[in-house]
Amino acid sequence: PPRSTLFPYTTLFRSVGGLVRDRYAFTHGLVRDAIYGELLRGRRVRYHYQLALATEHVHGDSIERYVNELAHHFYMGAALAGADKALRYCTAAGERALRLLAFEEAVGHLTRALEVAEAFGVADQPALCDALIALAEAQNRAGEEAEANANFARAAALADRKSTRLNSSHIT
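Per-chain numbering applies: the sequence of each chain, read as written, is numbered from 1 onward. Where totals are concerned, whole chains, interfaces and linings use all residues; where local detail is concerned, this predicted model gives features only for residues with pLDDT of at least 70, and gives and counts side-chain atom pairs only at 80 or more. As a rule here, side-chain values come from all non-hydrogen atoms in the structure, and water together with hydrogens is ignored.

A. Representation of the overall build of the protein chain. A tally of helices and strands in the protein chain yields nine helices and two strands. Runs of H or I in DSSP of at least four residues are treated as helices and runs of E of at least two as strands, each being numbered from the N terminus. Mapped in sequence order, the helices and strands of the protein chain form the string α-β-β-α-α-α-α-α-α-α-α. Each residue is assigned to one of three classes by its accessible area relative to the maximum for its type, calculated with a 1.4 Å probe on protein chains only: buried under 20%, partly exposed between the two thresholds, exposed over 50%. Counting over 172 residues, the protein chain shows a buried share of 30%. Pairs of residues are marked as contacts when any of their non-hydrogen atoms sit within 4.5 Å. Counting only contacts in the protein chain whose residues sit at least 6 apart along the sequence, the fraction spanning at least 24 positions is 47%.

Have a look at this one:
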């Protein structure tokens, strides 16, 4: 669809995304910052969450292509969405960055996954453990050895607690 039907203020946005032209960005960072700064926090969270759901719905058959956008919007909208989708997409974006050898980007995505998991709680504890291991691996590859070792230890402690709970539940 033409930009004019998508956005009433067409001078604020430009098409991006190569040949497909299916993404939009602000024409300038200052425009983005000015508009973003005027929105109340609750409205920003709601917009991010709505963008995440719409992106997930429209591009459900090609999620890998949009995983960074989904990670960003679910992370920013986690107060509404809960942590599970933010954790899943941030982890997927981090793993994708690892495959592309973009280690610092992977560390960023995986750090956000853990931030949202710790802030809002996560139902899927094995996914949290996997995210810790992925973050530690990314940090190790990015040359952040001390941070990597600390996160490997956190993952091991989480797995050990889970294992202890499972073993004690089978004792009669």
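Having seen the model, we can carry on.
B. Spotlight on the packing of aromatic side chains. Stacked, tilted and edge-to-face are the three classes assigned to paired rings of Phe, Tyr and Trp, where Trp is represented by its six-membered ring and a pair needs centres within 6.5 Å; plane angles under 30 degrees give stacked, over 60 edge-to-face, the rest tilted. Enumeration according to the criterion identifies two aromatic pairs in this entry. Arranged with centres 5.3 Å apart and planes meeting at 5°, the rings of Phe-74 and Tyr-89 form a pair that is stacked. Taken together, the residues Phe-74 in helix 4 (residues 67-76) and Tyr-89 in helix 6 (residues 83-99) connect sequence positions 15 residues apart. Among the residues examined, Tyr-89 registers a relative accessible area of 5% and is labelled buried. One aromatic cluster in this structure is built from Tyr-49, Phe-74 and Tyr-89.

C. How the structure looks around the nonpolar core. Counting residues in each nonpolar core, the largest one holds 34 residues, and the members touching the most others are Phe-74, Leu-87, Tyr-89, Leu-114 and Ala-138. Taken together, the elements giving at least two residues each to this core come down to helix 4, helix 6, helix 7 (103-120), helix 8 (125-141) and helix 9 (145-169). When sequence neighbours within four positions are dropped, the list of residues in contact with Tyr-89 reads Glu-56, Ile-63, Val-67, Leu-70, Ala-71 and Phe-74. Within this scheme, the nonpolar core is defined by two criteria: the residues are buried Ala, Val, Leu, Ile, Met, Phe, Trp, Tyr or Cys, and they are joined through side-chain atoms within 4.5 Å.

D. Focus on the packing of helix 6 against helix 8. Fitted lines through C-alpha atoms give the axes, limited to the stretch in contact for helices. The angle between two N-to-C directions lies from 0 to 180 degrees. Two elements in contact, helix 6 and helix 8, have axes separated by 10 Å at closest approach and are oriented at 30°. Relative to helix 8, the element helix 6 is oriented roughly parallel. Crossing angle aside, the handedness with which helix 6 passes helix 8 is left-handed. Facing Leu-87, Thr-91 and Leu-98 of helix 6, the residues of helix 8 in contact are Ala-127, Leu-128, Ala-131, Ala-134, Glu-137, Ala-138 and Arg-141. Polar here means any residue outside two lists: the nonpolar Ala, Val, Leu, Ile, Met, Phe, Trp, Tyr, Cys and Pro, and the charged Asp, Glu, Lys and Arg; Gly therefore counts as polar. Tallied by class, residues from the contact of helix 6 with helix 8 come to seven nonpolar, one polar and two charged. Throughout, the term roughly parallel applies to angles under 35 degrees, roughly antiparallel to angles over 145, roughly perpendicular to angles from 65 to 115, and oblique to all others. Working rule for handedness: look at the near helix, and if it is turned counterclockwise from the far one by less than a right angle, call the crossing left-handed; if clockwise, right-handed.

E. Region of interest: a negative patch on the surface. Within the patch definition used here, like charges are joined within 9 Å and nonpolar side chains (Val, Leu, Ile, Met, Phe, Trp, Tyr) within 5 Å, considering only residues with over 30% relative accessible area and no salt bridge. Here the open area of atoms and residues is found with the Shrake-Rupley method and a 1.4 Å probe, where only the protein chains shown may cover a residue. The working definition used for a salt bridge is a side-chain nitrogen of Lys or Arg within 4 Å of a carboxyl oxygen of Asp or Glu. Positive residues here are Lys and Arg, negative ones are Asp and Glu, while His and the chain termini are left out of the count. For charged residues, the charge sits on one atom: NZ in Lys, CZ in Arg, CG in Asp, CD in Glu. A surface patch of negative charge is lined by Asp-84, Glu-95, Asp-124 and Asp-130. Counting through the fold element by element, Asp-130 comes out in helix 8.

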